[in-house]
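# Commentary on secondary and tertiary structure
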Amino acid sequence: MPIHEKSLIRPENLHVQEDIELEGVDVSGHWSTFIESRVVTDYNEALEEEIAELPGGEYIHRCWQCGSCTNACTVNAINGEFNPRYWIYLIRMGMESELLRDKDIIWQCVSCNKCTYACPRDVFPEGVMKATSHWLELKGHTPKSPSMIFDEIFSEQVIKTGKIEDGRTVRRFFQRTGQDLMQPWLVEMVKSMLRNLPIGMLTRLGLANFITPRTSDWSGARDAMNEYIAEREEHHRKALKLDELVQMAETELN
Amino acid sequence: MSEKNLKSKKEKYQEVAYYPGCALEGSGSAYNSSTKALGKALGLKIKEVEDWNCCGAMEVKNIDPKLQTYLSSRVMSITANKMNMDTVMVPCNGCYHNLKKAEYDLANDDETVEVVDRLSKKAGHDTYEAGQVETIHSLDWVKETIGEEGLKERVKNSLDGIKIANYYGCMYTRPRHIFPEKDQGPGSESTSKPHFMDDLLEAAGAENVEFPLKTACCGGAHTLSDSDTSTLLVTNILQAAEAAGAEVIATECPTCHSGLEMHQIRAEKTLGIKTNVKIIYFTQLLGMAIGLKPKAVGLHENISDSFDFVKKKGLA
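Residues numbered from 1 in each chain as written. Chains lettered and ligands numbered in written order. Predicted model: local features only at pLDDT ≥ 70, side-chain atom pairs only at ≥ 80, totals over all residues.

### Brief notes about the overall build of chain A
Here is the rule: Helix and strand labels come from DSSP, where a helix needs a run of H or I of at least four residues and a strand needs a run of E of at least two; each type is numbered from the N terminus. Working definition of burial: number of other C-beta atoms within 10 Å of the residue's own, with buried at 20 or more, exposed at 12 or fewer, and partly exposed in between, all C-beta atoms being placed from the backbone. Residues are treated as contacting if the C-beta atoms built from their backbones sit within 7 Å of each other.
Looking only at helices and strands, chain A has 12 helices and four strands in total. Taking all 254 residues of chain A together, the buried fraction comes to 27%. When contacts within chain A are restricted to residue pairs at least 6 apart in sequence, those whose partners lie at least 24 apart make up 63%.

What follows is the structure in structure tokens.
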């Protein structure tokens, strides 16, 4: 089987003249295909270190590119573009612009840990995916992903009260992501739930709107965790040089 | 594993601390009521962990893994230091996974030990030390105390003629290193092909189908934030179960369970794919098999309606 090279080259790097004659020979169409050479000029030498500073990314340096992670990956099976092995390669090479091509799907890792199970080098690719999507957000390359918004709403409530009430979390999530709570499939689901529920249970579900489950004597834990989070955020700001980024942006604006 | 160890587990698990976790007080309340009802009917004792908190779930872990470790460690600290108990039983795969992960990290990572100790002191409770508490899943609990033989003796409504696909999900077996007791040969659970739920349901008379997606992912992490992916993953699981001949998918995790139920409905709405396989907690199936009424195991709280099905099968 011959390899059709064109299928391996990104369409934007293929140039074809529709109407061209060279030394009296008509070479219009695919005869005139020109492939633009790729030059990498923007290595980010700090990329691997920065990812390694974020939780989950610590062991990225162990990777030897066997591809077990991508082979085992749940999301890769439904979207071939989702390729943890390749992203780990790009990060270690410092090829930031190439990584940014996939910036909008990296957060879609479902944390099933099949990659971590398969990895012969204990890279913890699942953690690397989390660290990478976190990095993309901290650096301002992507807005907060729906997943991060959900994580934050959830964590805020746990830190505040010690427990989570799922109905409230769902409502806040739809609010904060600007979605309509009355999604047709959600309505359908609630309807089928109501079919068999006794009145007592309905009242309980209704009351959950007003009563927040709480762990008693929680304020000590709450303060300790908030303090820890502030400490970690400060660490990440420094590790990713976020203050310098802000300064650079300001100078450019002036 | 020697006969002696099996016996000591049997004794040890007769009375355990019970950590339901947040989901079992909300969307997974049927799992809570069925676990309690099953334990009671089997003569096992549980004591709910006093004043427990969220284990941190995947969400807090995503914000900071050590914060999740602290939250899980607090639950184990109360079990050991306040209640003087050495075993905590957890039905939710997410909580179970997190307590196991906290145990592993606290036994192997000095930095985690330092952070957890600092946070525990500030919060004003004893720091949990690795090894104080053994975390077990509700599957371990029933399997080790009652076992297949014990169940067979107690079956009143056999699950005979019910074809079941056993679905274990991600968090019960992965990653392997946080479950040192698994993959230890005969008698232990397997991380690649788990079988504890199969064993118990078979003892209750069920016919387990060969189900290749036992430990596939339901996309529970992104049930709401990336619903399309979750719907695809769930549809794949439901269709594979039906193709294997299953009438029921037995579950052991509130997130998987409600994920399967929600996206079964969503798949019909968004993809036009309808599946009829019933989604029932293993505790509900075992409970009905030993003679508990469907309502006693919270069957009415499930989203997917399996009342007619269990009546037809002679379980009601």
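Right, picking up where we left off after that structure.
### Describing the overall build of chain B
Under the convention used in this document: We compute the radius of gyration over the C-alpha atoms and compare it with the globule rule, which gives 2.2 Å times the number of residues raised to the power 0.38.
When helices and strands are tallied, chain B shows 13 helices and eight strands. Scaling as 2.2 N^0.38, a compact globule of 316 residues should have a C-alpha radius of gyration of about 20 Å, and chain B matches this with 19 Å. Burial statistics for chain B: of 316 residues in total, 60% are counted as buried. Contacts in chain B between residues at least 24 apart in sequence constitute 77% of all its contacts with a sequence separation of at least 6.

### Digging into the pairing of strand E1 (residues 15-18) of chain B
All names here are of chain B. Formally: Strand pairing is assigned whenever DSSP identifies at least 2 bridges connecting the two strands. By convention, a crossover is right-handed whenever its connection, traced from the first strand over the helix to the second and viewed with the strands pointing away, goes clockwise.
Across four bridges, E1 lies against strand E2 (residues 45-48) in parallel orientation. Paired with tyrosine 18 across the strands is glutamate 48, a residue of E2. On the question of chirality, the crossover connecting E1 to the parallel E2 by way of helix H2 (residues 29-41) is right-handed. Examined bridge by bridge, E1 and strand E3 (residues 87-90) share two bridges and lie parallel to one another. By the bridge assignment, tyrosine 18 is partnered in E3 with methionine 89.

### Here's the deal with the sheet that holds E3(B)
Each strand in a sheet pairs with its neighbour through backbone hydrogen bonds, running either in the same direction (parallel) or in the opposite one (antiparallel). Residue and element names in this part refer to chain B. The line we're drawing: Note on geometry: axes are lines fitted to C-alpha atoms, helical ones only across the stretch in contact, with angles between N-to-C directions running from 0 to 180 degrees.
Sheet architecture is open: four strands sit in the order E2-E1-E3-E4, paired in parallel fashion. The strands lining the two open edges of the sheet, one partner per strand, are E2 and strand E4 (134-137). Pairs of neighbouring strands in the sheet enclose a mean axial angle of 40°, with direction left out of account. Contacts from helix H5 (residues 93-108) reach E3 and E4, with the element oriented near 155° to E4.

### Structural notes on the interface of chain A and chain B
To be explicit about the condition: Following the grouping adopted for this structure description, the nonpolar residues are Ala, Val, Leu, Ile, Met, Phe, Trp, Tyr, Cys and Pro, the charged ones are Asp, Glu, Lys and Arg, and the polar ones are all others, Gly among them.
Contacts between the two partners involve 51 residues from chain A, matched on the other side by 47 residues from chain B. Residue assignment for the side of chain A that touches chain B shows that the elements contributing at least two residues are helix H5 (114-118), helix H7 (146-161), helix H8 (166-176), helix H9 (184-194) and helix H11 (219-239) of chain A. Tallying contributions element by element places H11(A) first for the side of chain A that touches chain B, with eight residues. Considering only residue class, the side of chain A that touches chain B consists of 26 nonpolar, 15 polar and 10 charged.

### Observations regarding the environment of Ser68(A)
Residues and elements named next belong to chain A. For serine 68, the position within the fold is in helix H2 (residues 68-72). Along the primary structure serine 68 and alanine 118 are separated by 50 residues, whereas in three dimensions their C-alpha atoms are 5.9 Å apart. Residues within four places of serine 68 in sequence aside, it is in contact with Ala118, Cys119 and Pro120.

### Here's the deal with the sheet that holds strand E6 (residues 207-208) of chain B
Residue and element names in this part refer to chain B. The strand order E6-E5-E7-E8 describes an open sheet built from four strands, whose pairing is parallel. Strands at the two margins of the open sheet, each flanked by one partner only, are E6 and strand E8 (278-281). With three bridges joining them, strand E5 (residues 163-166) and strand E7 (residues 248-251) adopt parallel strand pairing. Looking at E7, one finds that asparagine 166 is bridged to alanine 250.

### A closer look at helix H6 (residues 125-138) of chain A
Every α-helical turn comprises 3.6 residues, leaving residues that sit three or four positions apart pointing alike. All names here are of chain A. Test applied: To estimate the expected span of a helix, subtract one from its residue number and multiply by 1.5 Å.
Its 14 residues place the ends of H6 20 Å apart at the C-alpha level, agreeing with the 20 Å of an ideal helix rising 1.5 Å per residue. With 12 of 14 residues buried, H6 lies mostly within the body of the structure. Of the positions making up H6, those classed as buried are Pro125, Glu126, Gly127, Val128, Met129, Lys130, Ala131, Thr132, Ser133, His134, Trp135 and Leu136. Trailing H6 by a residue or two, glycine 140 shows a phi angle of about 80°, which is positive.

### Describing unusual backbone geometry
With an omega dihedral of -10°, the bond running from Arg174(B) to Pro175(B) counts as a cis peptide bond. By secondary structure assignment, the location of Pro175(B) is in the loop between E5 and helix H9 (196-203). A positive phi angle is found at Gln65(A), which is not glycine, with a value near 65°. Tracing the backbone through its elements, the reader meets Gln65(A) in the loop between helix H1 (47-53) and H2. The backbone phi angle of Ala57(B) is positive, close to 50°, even though this residue is not glycine. By the element assignment, Ala57(B) lies in helix H3 (residues 57-63). Judged by C-beta crowding, with 26 C-beta atoms within 10 Å, Ala57(B) ranks as buried.

### Describing H5(B)
In this model, H5(B) (16 residues) spans 22 Å end to end at C-alpha, consistent with the 22 Å of a helix rising 1.5 Å per residue. The element H5(B) is extensively covered by neighbouring structure, given that 13 of its 16 residues are classed as buried.

### Description of the environment of Gly94(B)
By the element assignment, Gly94(B) lies in helix H5. Not counting the four nearest positions on each side in its chain, Gly94(B) is found in contact with Cys55(B), Ala57(B), Met58(B), Met171(B), Cys253(B) and Thr255(B).

### Side note on the packing of helix H4 (residues 65-82) of chain B against H5(B)
Residue and element names in this part refer to chain B. Rule in force here: Throughout, the term roughly parallel applies to angles under 35 degrees, roughly antiparallel to angles over 145, roughly perpendicular to angles from 65 to 115, and oblique to all others.
Remark: H4 packs on H5, axes separated minimally by 9 Å, with the N-to-C direction vectors making an angle of 100°. The orientation of H4 with respect to H5, classified from their angle, is roughly perpendicular. From H4, Gln68, Thr69, Ser72, Ser73, Val75 and Met76 reach across to H5, where they touch Asn98, Leu99, Ala102, Asp105 and Leu106. For the contact of H4 with H5, the residue count by class is five nonpolar, five polar and one charged.

### Concerning the packing of H11(A) against helix H6 (residues 110-123) of chain B
This is how it is decided: Left-handed describes a crossing whose near helix is turned anticlockwise from the far helix through less than a right angle; right-handed describes the clockwise counterpart.
For the pair H11(A) and H6(B), interaxial distance at closest approach is 7 Å and the crossing angle is 140°. On the basis of their axis angle, the class for H11(A) and H6(B) is oblique. Considering how the two elements wind past one another, H11(A) and H6(B) form a crossing that is right-handed. From H11(A), Gly220(A), Ala221(A), Asp223(A), Ala224(A), Met225(A) and Tyr228(A) reach across to H6(B), where they touch Leu119(B), Lys122(B) and Ala123(B). Residue classes in the contact of H11(A) with H6(B) are distributed as six nonpolar, one polar and two charged.

### Considerations on the domain arrangement of chain B
Residues and elements named next belong to chain B. Defined as follows: Domain start and end points were adopted from an automatic or database domain assignment.
Each assigned domain of chain B is listed with its residue range as follows: domain 1 (3-137) and domain 2 (155-312). For domain 1 and domain 2, the distance between their C-alpha centroids amounts to 23 Å. Domain 1 puts 24 residues into the contact, and the matching count from domain 2 is 27 residues. Listed by contribution, the elements that provide at least two residues to the side of domain 1 that touches domain 2 are H2 and H5. Looking at the side of domain 1 that touches domain 2, the element that brings in the most residues is H2, giving nine residues. Its residues assigned to classes, the side of domain 1 that touches domain 2 comprises 12 nonpolar, 10 polar and two charged.

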